[in-house]
Amino acid sequence: LLVQSELGGWLERSGVGGAADENYFALSARAVVWALGAAAMLWSGMRLRSIGTRLAGLLPLSIAVLIPLWMYVGDVTAEKMLFLNARFGAALLGALLTFAYGYAMAHQKEAFSEDERQVGFGLEWMGAAVLLFVLSAEPFRHCFETIADDERARWAALMSVSLVWGLYATAALAIGFWRRLRGVRFAALGLFGATGLKLVLVDMAGIEQLYRIISFFVLGLLMVGASYLYHKVEQQFEQGETGAGQR
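About the cut-offs
- Residues numbered from 1 in each chain as written.
- Predicted model: local features only at pLDDT ≥ 70, side-chain atom pairs only at ≥ 80, totals over all residues.
- Heavy atoms only, no water.
- Helix = DSSP H or I, 4+ residues; strand = E, 2+ residues; numbered from the N terminus.
- Buried < 20%, exposed > 50% of the residue type's maximum accessible area, 1.4 Å probe, protein only.
- Axes fitted to C-alpha atoms, helices over the stretch in contact; angles between N-to-C directions.
- Parallel < 35°, antiparallel > 145°, perpendicular 65-115°, else oblique.
- Left-handed = near helix turned anticlockwise from the far one by under 90°.
- Nonpolar A, V, L, I, M, F, W, Y, C, P; charged D, E, K, R; others polar.
- Core = buried A, V, L, I, M, F, W, Y, C linked by side-chain atoms within 4.5 Å.
- Contact = heavy atoms within 4.5 Å.

Draft legend 1. Up close: unusual backbone geometry. Phi at F83 takes a positive value of approximately 70°, unusual for a residue other than glycine. Within the secondary structure layout, F83 lies in the loop between α4 (58–73) and α5 (86–106). For F83, a relative accessible area of 31% corresponds to the partly exposed category. Non-glycine residue R180 carries a positive phi angle of around 60°. With respect to the helices, strands and loops of the structure, R180 is situated in the loop between α7 (150–178) and α8 (182–203).

This is the structure in structure tokens:
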């Protein structure tokens, strides 16, 4: 608490940040310090086998996640470099640490209780959700901060979010098949569906009605085709696992 307060105050007084808001680097630094504190408490709790210390680490972890998220939704202007800035770095650290915290709690049966493991599974999903938000919010805010024309900025921001969702869903689907995680695969398919609907209902809201109808039709065909391919690949995986078990 003292470290983040002292460091954040020094950055605010020093005026570091240039074109960015005066408290931009201070908030980013505070988030990083809270994240490091959460990691230290998790490590100490595992070494000392202290449930209280491990669970207490969830408080600084929550603060480490909430600070950069507030920077995205609040009126805090960042640097001009997309992804290569302190706000995104702090937010990415918080998301990855949330997932790592959950993974450590969920997959080490000898070190954690059953209740802690259930909390860990929840933190894994939360970390994945925070990561999706961060990857979506970064280009979205960047477009509004760097493009002067509001209409062009809005269109570019919406399309960037759709692109991020599509790539994230693809990666999640691949991980779901690789790690044999059916829940992750279903979540990826749901995100694919949400991306398609967003493209038609939001991103293409300004085009003529005829083209929107055609877009709906094409989207329906793509979703049916994707569902068919998904079930074919899933059947092949299940057959492969069955064959390996029999051998």
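Draft legend 2. Quick look at the packing of α7 against α8. Running from N to C, α7 and α8 cross one another at 160°; their axes reach a closest spacing of 8 Å. Judged by the inter-axis angle, α7 sits roughly antiparallel to α8. Two packed elements cross with a definite hand, and for α7 against α8 that hand is left-handed. Within the contact of α7 with α8, the residues separate by chemical class into 17 nonpolar, 5 polar and 3 charged.

Draft legend 3. A look at the nonpolar core. Of all hydrophobic cores here, the largest spans 20 residues; its most connected members are I67, M71 and Y101. Looking at this core, the elements that each hand over two or more residues are α2 (24–48), α4 and α5. The biggest single contributor to this core is α2, with 7 residues. Residue contacts for M71: discarding those within four places in its chain leaves Y24, L27, S28, V76, R87 and R141. Formed by 14 residues, the second largest nonpolar core is a distinct cluster that contains F88, A91, A95 and V130.

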